[in-house]
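If you want the building blocks of each chain, they are given just below.
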Amino acid sequence: MPENMERVPLLEIEGLKKYYPIEAGISKKKIGEVKAVDNINLTVYKNEVLGVVGESGCGKTTLGRTVLRIIEPTAGKVKFHFDDKEVDFTALDKKELRKMRRYLQMIFQNPYTSLNPRMTIFDIVAEPMRLGGGFTEDEISERVKTLINKVGLEVKHLNRYPHAFSGGQRQRIGIARALVMDPKFVVADEAVSALDVSIQAQILNLLKELKDENNLTYMFIAHNLSVVEHVSDRVCVMYLGRVVEMAETEELFYHPKHPYTEALLSAIPVADPTVENNRIMLPGEVGNAANLPSGCCFHPRCKYACEECKTKVPELRELTPGHFAACHRIEDLKLEGIGELKVKNSSKS
Ligand code: SF4
């Protein structure tokens, strides 16, 4: 988002939860629940890219899908602001939801499985317009051709089937389909992670261009922090279904306030084989969302954990304007951002 642009909320997420029941026996008695998304509160501003990062199982994909109601939330609200109207997206019935879908789209992770192999590219891209209704075939044809050119493919490709395309081309088709209804908000879920590095850069640049041309707002979900740094205005770090840190991208990368963010930053690969890796090795796996650790749920893996961390859940606090973190020891820890890591690396090379 340009620095001098006023921040206008597009989406407000309030107390969003997605819990999956754990059932046992023939009677399917509920014996517990998996807290995939646990009480998320955040705002996404118009025309920004909010990166969402964390290891597999941290709840980032569930968050994206719950926001779009591809998965129904257990509790909480998602409010969208369009044309000076506020819409409680979580309260819409099926008919109203279908009408609103055009404004909210998703780009899926795997370009090999997200496109129907029996449909032509034209039909794949046109499908949301046909399902949404209200367009003539001429209007659909015009829009599909415009979009397919915008994503760098040619009109002659429209009669072909997905198997005739590479991974990068398929992701371009997925992007054209997501944008065909002129959405306001797009969730890109690991949109480049299945692609080769050189193709990743092309798709990221394409997403950036399309954002500027179409005034789009993205929630960009990824586990690769280099990719997130490249595209995001702000970054939200998730661990076990909760937000543990959120800040402007540069602030978060250079001045992390949460030990988990510090560990993720230390794991960013350095493109120099002579440089020793400063990676902070986190012991064990991401915890079990069905049986969250007491207190700070990161404490079993945190090298800074103290007694308080084992019993008391840290609140997400605003430390400086726009920089939030949930840790009891923020004030007494000196964490390393990518600035310190670069200095360490250059002194070892
Ligand atoms: Fe580590 Fe304690 Fe902070 Fe949690 S609250 S991140 S365990 S120092």
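The residue numbers shown here count from 1 along each chain, following its written sequence. Local features in a predicted model are, by the rule used here, given only for residues with pLDDT of at least 70; side-chain atom pairs are given and counted only at 80 or more, and totals for whole chains, interfaces and linings are based on all residues. Each side-chain value is worked out from all heavy atoms of the structure, with water and hydrogens disregarded.

Engineer: Quick one: what's the story with the domain arrangement of the protein chain, residue by residue and with numbers?
Structural biologist: Under the domain assignment, the protein chain is made up of domain 1 (9–239) and domain 2 (256–347). A straight line from the C-alpha centre of domain 1 to that of domain 2 covers 28 Å. Only heavy atoms matter for contacts: two residues are in contact if any of them lie within 4.5 Å across the pair. Contacts between the two partners involve 16 residues from domain 1 and, on the opposite side, 16 residues from domain 2. Summed over both partners, buried area is the accessible surface (1.4 Å probe) that two parts give up on being assembled. Contact with domain 2 buries area across many residues of domain 1, yet E55, L225 and Y239 alone supply 50% of it, more than any other trio. We define a salt bridge as a contact between a side-chain nitrogen of Lys or Arg and a carboxyl oxygen of Asp or Glu at a distance within 4 Å. Taken together, the links from domain 1 to domain 2 amount to one salt bridge. Under the rule applied, a polar contact is a pair of N or O atoms within 3.5 Å (in protein, one hydrogen donor and one hydrogen acceptor; residues adjacent in sequence only if both atoms are side-chain atoms). Where domain 1 touches domain 2, the interface holds four residue pairs in polar contact (both at pLDDT 80 or more). Helix and strand assignments come from DSSP, with helices taken as H or I runs of at least 4 residues and strands as E runs of at least 2, each series counted from the N terminus. Breaking the side of domain 1 that touches domain 2 down by element, the ones donating at least two residues are β2 (29–45), α7 (225–231) and β9 (234–239). Under the grouping applied here, Gly and all other residues not named as nonpolar or charged are polar, the nonpolar ones being Ala, Val, Leu, Ile, Met, Phe, Trp, Tyr, Cys and Pro and the charged ones Asp, Glu, Lys and Arg. Class assignment of the residues belonging to the side of domain 1 that touches domain 2 gives a composition of seven nonpolar, four polar and five charged. All domain edges in this entry derive from an automatic or database-based domain assignment.

Engineer: Can you break down the nonpolar core residue by residue, with the values?
Structural biologist: The nonpolar core is taken to be a set of buried Ala, Val, Leu, Ile, Met, Phe, Trp, Tyr and Cys residues, with the residues joined through side-chain atoms within 4.5 Å. Think of it in three bands: with a 1.4 Å probe and only protein chains considered, a residue is buried below 20% of the maximum accessible area for its type, exposed above 50%, and partly exposed in between. In this structure, I175 and F220 are the most contacted members of the largest nonpolar core, which totals 70 residues. Taken domain by domain, this core gets at least three of its residues from each of domain 1 (9–239) and domain 2 (256–347). Discounting residues that sit within four places of it in the chain, F220 has contacts with V49, L50, G51, V52, A188, L204, L207, V227, V228 and V231. Listed in part, the 32 residues of the second largest apolar core include L11, I40, V243 and M246.

Engineer: Talk me through the packing of aromatic side chains; I want residue IDs and the actual numbers.
Structural biologist: Centre distance within 6.5 Å is the pairing criterion for rings of Phe, Tyr and Trp, where only the six-membered ring of Trp is used; planes under 30 degrees apart are then read as stacked, over 60 as edge-to-face, and the remainder as tilted. Considering all chains together, one arrives at seven aromatic pairs under this definition. Judged by centre distance (5.3 Å) and plane angle (80 degrees), the rings of F80 and F89 are edge-to-face. What makes F89 buried here is its relative accessible area of 0%. The interplanar angle of 40 degrees and the centroid separation of 4.9 Å between the aromatic rings of F82 and Y103 together place this pair among those described as tilted. Remark: Y103 occurs in the loop between α2 (94–100) and β6 (104–107) and F82 occurs in strand β4 (residues 75–82); sequence separation between them is 21 residues. Through a chain of ring-to-ring contacts, the aromatic side chains of F80, F82, F89, Y103 and F185 assemble into a single cluster. Any Lys NZ or Arg CZ that is within 6 Å of a ring centre and within 35 degrees of that ring's normal is treated as a charge sitting over the ring. Looking at K18, its charged tip hangs above the ring of Y20, at a distance of 5.0 Å from the centre.

Engineer: So what's going on with the sheet that holds β4? Residues and values would help.
Structural biologist: Whether parallel or antiparallel, the strands of a sheet pair through hydrogen bonds between backbone atoms. Only when DSSP finds a minimum of two bridges between them are two strands counted as paired. With respect to topology, four strands assemble into an open sheet ordered β2-β1-β4-β5, the strand pairing being antiparallel. Only two strands of the sheet have a single neighbouring strand rather than two, namely β2 and β5 (85–88). Taking each pair of neighbouring strands and ignoring which way they run, the sheet shows an average axis angle of 20 degrees. Bridge count for strand β1 (residues 9–24) against β2 is twelve bridges, and the pairing is antiparallel. The partner of P21 across the bridge, within β2, is E33. Sheet contacts for helix α1 (residues 60–67): β1, β2 and β4; angle to β1, the most-contacted strand, approximately 115 degrees. Orientation is described by lines fitted to C-alpha atoms, with helices fitted over the stretch in contact, and by angles between N-to-C directions that extend from 0 to 180 degrees.

Engineer: Could you give an account of helix α3 (residues 121–132), naming the residues involved and the relevant values?
Structural biologist: Within the sequence span of α3, burial applies to I121, F122, I124, V125, A126, P128 and M129. Lining the buried residues of α3 we find α4 (137–150) and α5 (167–179). Immediately downstream of α3, the backbone of G133 shows phi near 75 degrees, a positive value.

Engineer: Hey, could you go over the pairing of strand β11 (residues 317–320) for me, with residue numbers and the actual values?
Structural biologist: Sheet topology note: the β11/strand β12 (residues 323–325) ladder contains three bridges and is antiparallel. Each residue of the ladder has a partner; that of T320, found in β12, is H323. Two successive antiparallel strands, β11 and β12, enclose a turn made up of two residues, where G322 displays a positive phi of approximately 85 degrees.

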